[in-house]
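Residue strings, one per chain:
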Amino acid sequence: MKLSNSGMPHPPLPVFVLGVMKSGTTALCENLFRHPSLITAHTLPSEPVHWAKELHFFDTDRYDKGVDFYHSHFKPFPPPTGHRLIDCSPTYLGDVAAPARVAATYANATEAPKFVVILRDPVDRAISHWSHAVTMSQKHLKFGRHNHWTVKLVQGGNFTTFTDRGIKLWEVCEKTKWVEARFQALLQDSEAPTAWESCGASGLLSANGGFVFRGMVDEQVDNWGLHFPDSAFCFLTMGALHKNSTAAIQRIAAFVGVDPTGAWSHSNQRQENLHSHPKQALRDEVAAIHRLREFYRKRSDTYSRVVANGGWLNC
């Protein structure tokens, strides 16, 4: 699927906001949506309202409806110069198919789309993700909306159980499924898959170790790096956004090519979007937190480089 070469007006190129759950994507998107040169999506009739924020086009079967369907969510188009579409679907980051789909769609574009990636300390993120999952599961049970997964979260395990299970699942997959995939690629003289392509899309990992493997940003970023140059990505930490959201949005605006100085309404409110399950509530599971930090230590080079550079990279 590619942009049309017909005489129809071309839309501005998009900016994609990528990230991992509980890393500040909501706060970042809410601030970016206020910029007048960033064109937000709207829902079509019969679509749920929340799709205006997260279109989920490149990581679902909605992709099969074609690029014109995708762009119809942004019409009417403003002049391409000085404007960008903004697609805030953070889950694109970890989707195995999304990078190739975006690359194919904009293969005829005069320049690559831009990507803004917000990151957070992976252990803090995992704890927040776990807390959110437990909180939501308790609510679902209270109102009778539950399944095997919610019951397991509330009744059948703790942070240590799910952490160890997630770590083991990933390590086993690396030693079996990924090794086999690389061996087959060698036999067929084809490009070897990344660990994320072999293991990250596994339903087993998603169900049992999701809050662990979602924090493995290096593998997810590497998948995008196969299709786009480093210059297409701007990395920032959640802390950099919260430190000064106005300055952060101006810096991002300059990176994506829209006016960084124009007047627009913005929010300086600290929006961590965290749930009330502080670290001290896990004080009896310090060993699991330590194991998780060791697990991430060799898988968090991207986050470490962004932190070492003052919370920003490439922009």
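What you see is a predicted model, and the numbers here were worked out from it, not measured in a lab.

(A) Here's a closer look at the nonpolar core. Core analysis: the biggest nonpolar cluster contains 32 residues, and Phe16, Phe58, Tyr92, Phe115 and Trp224 have the highest contact counts within it. Of all elements in the fold, only β1 (14–19), α2 (67–71), α3 (98–105), β4 (114–119), α9 (217–225), β5 (233–237) and α13 (301–308) reach the threshold of two or more residues within this core. Apart from the residues within four sequence positions on either side, Phe115 is in contact with Phe16, Leu18, Val102, Trp224, Phe228, Ala232, Phe233, Cys234 and Phe255. With 24 residues, the next largest nonpolar core counts Cys88, Ala240, Ile249 and Trp312 among its residues.

(B) Representation of the state of the cysteines. One pass over the full model with this rule turns up 2 disulfides. The disulfide partner of Cys29 is Cys88, and the gap between their sulfur atoms is 1.6 Å. Torsion about the S-S bond of the Cys29 and Cys88 cystine: about 65°, corresponding to right-handed handedness. With Cys29 in helix α1 (residues 25–32) and Cys88 in the loop between β3 (84–87) and α3, this pair connects stretches of sequence that are 59 residues apart. Cys88 shares its class with Cys29; the two are buried. Between the sulfur atoms of Cys234 and its disulfide partner Cys315 the distance amounts to 2.0 Å. Handedness of the Cys234-Cys315 disulfide follows from its S-S torsion of about 55°: it is right-handed. One end of the pair, Cys234, is in strand β5; the other, Cys315, is in the segment after β6 (312–313), and 81 residues separate them in sequence.

(C) Here's a closer look at a nonpolar patch on the surface. Taken together, the side chains of Phe183, Leu186 and Leu187 present a nonpolar region at the surface, about 350 Å² in accessible area. Within the secondary structure, Leu186 is located in helix α6 (residues 159–187).

(D) Structural context of the environment of Asp95. Considering the arrangement of structural elements, one finds Asp95 in the loop between β3 and α3. Apart from residues no more than four positions distant in its own chain, Asp95 is found in contact with Phe58 and Asp59.

(E) Quick look at the sheet that holds β3. The 6 strands lie next to each other as β2-β3-β1-β4-β5-β6, forming an open sheet whose pairing is mixed. A single partner strand is all that each edge strand has here, and the edge strands are β2 (38–39) and β6. Relative to β5, β4 runs parallel, the two sharing 5 bridges. Within β5, the residue paired with Val116 across the bridge is Cys234.

(F) Seen up close, the pattern of salt bridges. One pass over the full model with this rule turns up 8 salt bridges. Here Glu174 ties to Arg299 by a salt bridge, and the two come within 3.1 Å at their closest N and O atoms. You can see Glu174 sitting in helix α6 and its partner Arg299 sitting in the loop between α12 (286–297) and α13, a full 125 residues away along the chain. A salt bridge links Arg297 to Glu294; the nearest nitrogen and oxygen atoms lie 3.2 Å apart. Taken together, the residues Arg297 and Glu294, both in helix α12 and 3 residues apart, mark about one turn of the helix. We classify Arg297 as exposed; its relative accessible area is 59%.

(G) Highlighting the packing of α6 against α12. Running from amino to carboxyl end, α6 crosses α12 at an angle of 25°, the nearest separation of the two axes being 9 Å. Between α6 and α12, the angle falls in the class roughly parallel. Crossing hand, α6 versus α12: left-handed. Residues Phe159, Thr160, Thr163, Asp164, Ile167, Trp170 and Glu171 of α6 form the contact with α12, whose own contacting residues are Ala288, Ile289, Arg291, Leu292 and Phe295. Classifying every residue of the contact of α6 with α12 by side-chain character gives 7 nonpolar, 2 polar and 3 charged.

Analysis parameters
Residues numbered from 1 in each chain as written. Predicted model: local features only at pLDDT ≥ 70, side-chain atom pairs only at ≥ 80, totals over all residues. Heavy atoms only, no water. Core = buried A, V, L, I, M, F, W, Y, C linked by side-chain atoms within 4.5 Å. Buried < 20%, exposed > 50% of the residue type's maximum accessible area, 1.4 Å probe, protein only. Helix = DSSP H or I, 4+ residues; strand = E, 2+ residues; numbered from the N terminus. Contact = heavy atoms within 4.5 Å. Disulfide = S-S within 2.5 Å. Patch = residues over 30% accessible without salt bridge, like charges linked within 9 Å, V, L, I, M, F, W, Y side chains within 5 Å. Areas by Shrake-Rupley, 256 points an atom, 1.4 Å probe, with all protein chains shown as cover. Salt bridge = Lys/Arg side-chain N within 4 Å of Asp/Glu carboxyl O. Pairing = 2+ DSSP bridges. Axes fitted to C-alpha atoms, helices over the stretch in contact; angles between N-to-C directions. Parallel < 35°, antiparallel > 145°, perpendicular 65-115°, else oblique. Left-handed = near helix turned anticlockwise from the far one by under 90°. Nonpolar A, V, L, I, M, F, W, Y, C, P; charged D, E, K, R; others polar.

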